[in-house]
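# Secondary and tertiary structure notes
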Amino acid sequence: MGSTNLRTKSSEDTNRRFEKKLQFYAKVKDTVASLSARKAINKKRIRRRQKRSKAYNLSSLSEFLPELKAPRQQTAADLKLNGKSRQKLVLHEGKQLKTVLSHPEFQKDPMAAIRQHLESTQPVMDEKPEKRRSRTGKKKVRGMKQKPSSGPQTMDL
């Protein structure tokens with residue numbers, strides 16, 4: 001009697017294992033199918049982007065345009081002062097100071113010369129400064145005083 005009971009248990013175990021394997025294979029199959037679908041969609045996207053990039057490719061027109069030299073922008077390394085660049089800067093600024101001090105307009109009236117130089121080199125700001133606004137964004141009203149109250153007032157803290 002014990003041997004038949006063992007056979008049924010082992011056959012149930014093998015059936016359960018077989019079902020689990022089937023479920024696992026079904027999941028794997030679904031995953032592979034979804035990945036292949038994603039891959040196909042991604043390929044379509046890439047093709048679409050390539051077509052768009054070909055449509056916007058204007059490199060063939062560059063041969064008809066004149067070549068422009070782009071202005072070289074200073075990098076952080078150029079702006080750093082090491083011993084040589086600092087010495088060069090000091091010499092340049094020293095020459096500049098000598099030319100300013102020897103200029104006849106500067107010798108006549110230094111403040112007027114500086115003002116004239118700044119007016120010619122700096123942009124002119126004609127805008128009137130805006131009136132200050134309160135935190136709510138409304139203009140502050142000045143000149144309106146509150147009437148004193150008739151009774152005593154207390155301060156609440």
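Note that the coordinates shown come from a computational prediction; the quantities given were computed from them, not determined experimentally.

## Comments concerning a positive patch on the surface
- A surface patch of like charges, here positive, comprises K39, K43, K44, R45, R47, R48, R49, K51 and R52.
- Looking at the element boundaries, R48 is found in helix α1 (residues 2-55).
- According to the relative accessible area criterion, R48 is partly exposed, its value standing at 46%.

## Section: the layout of surface pockets
- Considered as a void within the structure, the largest pocket measures approximately 240 Å³ in volume.
- If you go around the largest pocket, the residues you meet are Q96, T99, V100, H103, E105, F106, A113, I114, Q116 and H117.
- It is helix α5 (residues 110-121) that provides the largest number of residues to the lining of the largest pocket, a total of four residues.
- The class makeup of the residues in the lining of the largest pocket is four nonpolar, five polar and one charged.

## Quick look at the confidence of the model for the protein
- The pLDDT averaged across the protein works out to 79; a share of 68% of its residues lies at or above 70.
- The secondary-structure element of the protein with the lowest mean pLDDT is helix α2 (residues 76-79), recorded at 66, while helix α4 (residues 104-108) shows the highest, at 93.

Definitions and limits used
Residues numbered from 1 in each chain as written. Predicted model: local features only at pLDDT ≥ 70, side-chain atom pairs only at ≥ 80, totals over all residues. Heavy atoms only, no water. Patch = residues over 30% accessible without salt bridge, like charges linked within 9 Å, V, L, I, M, F, W, Y side chains within 5 Å. Areas by Shrake-Rupley, 256 points an atom, 1.4 Å probe, with all protein chains shown as cover. Salt bridge = Lys/Arg side-chain N within 4 Å of Asp/Glu carboxyl O. Lys, Arg positive; Asp, Glu negative; His and termini not counted. Charge placed at Lys NZ, Arg CZ, Asp CG, Glu CD. Helix = DSSP H or I, 4+ residues; strand = E, 2+ residues; numbered from the N terminus. Buried < 20%, exposed > 50% of the residue type's maximum accessible area, 1.4 Å probe, protein only. 1 Å grid on protein atoms, 1.4 Å probe; cavity = no way out; pocket = protein on both sides within 12 Å on 5 of 7 lines; lining within 4 Å. Points joined across faces, edges and corners; volume = space filled by probe spheres on them. Nonpolar A, V, L, I, M, F, W, Y, C, P; charged D, E, K, R; others polar. pLDDT = per-residue confidence, 0-100.

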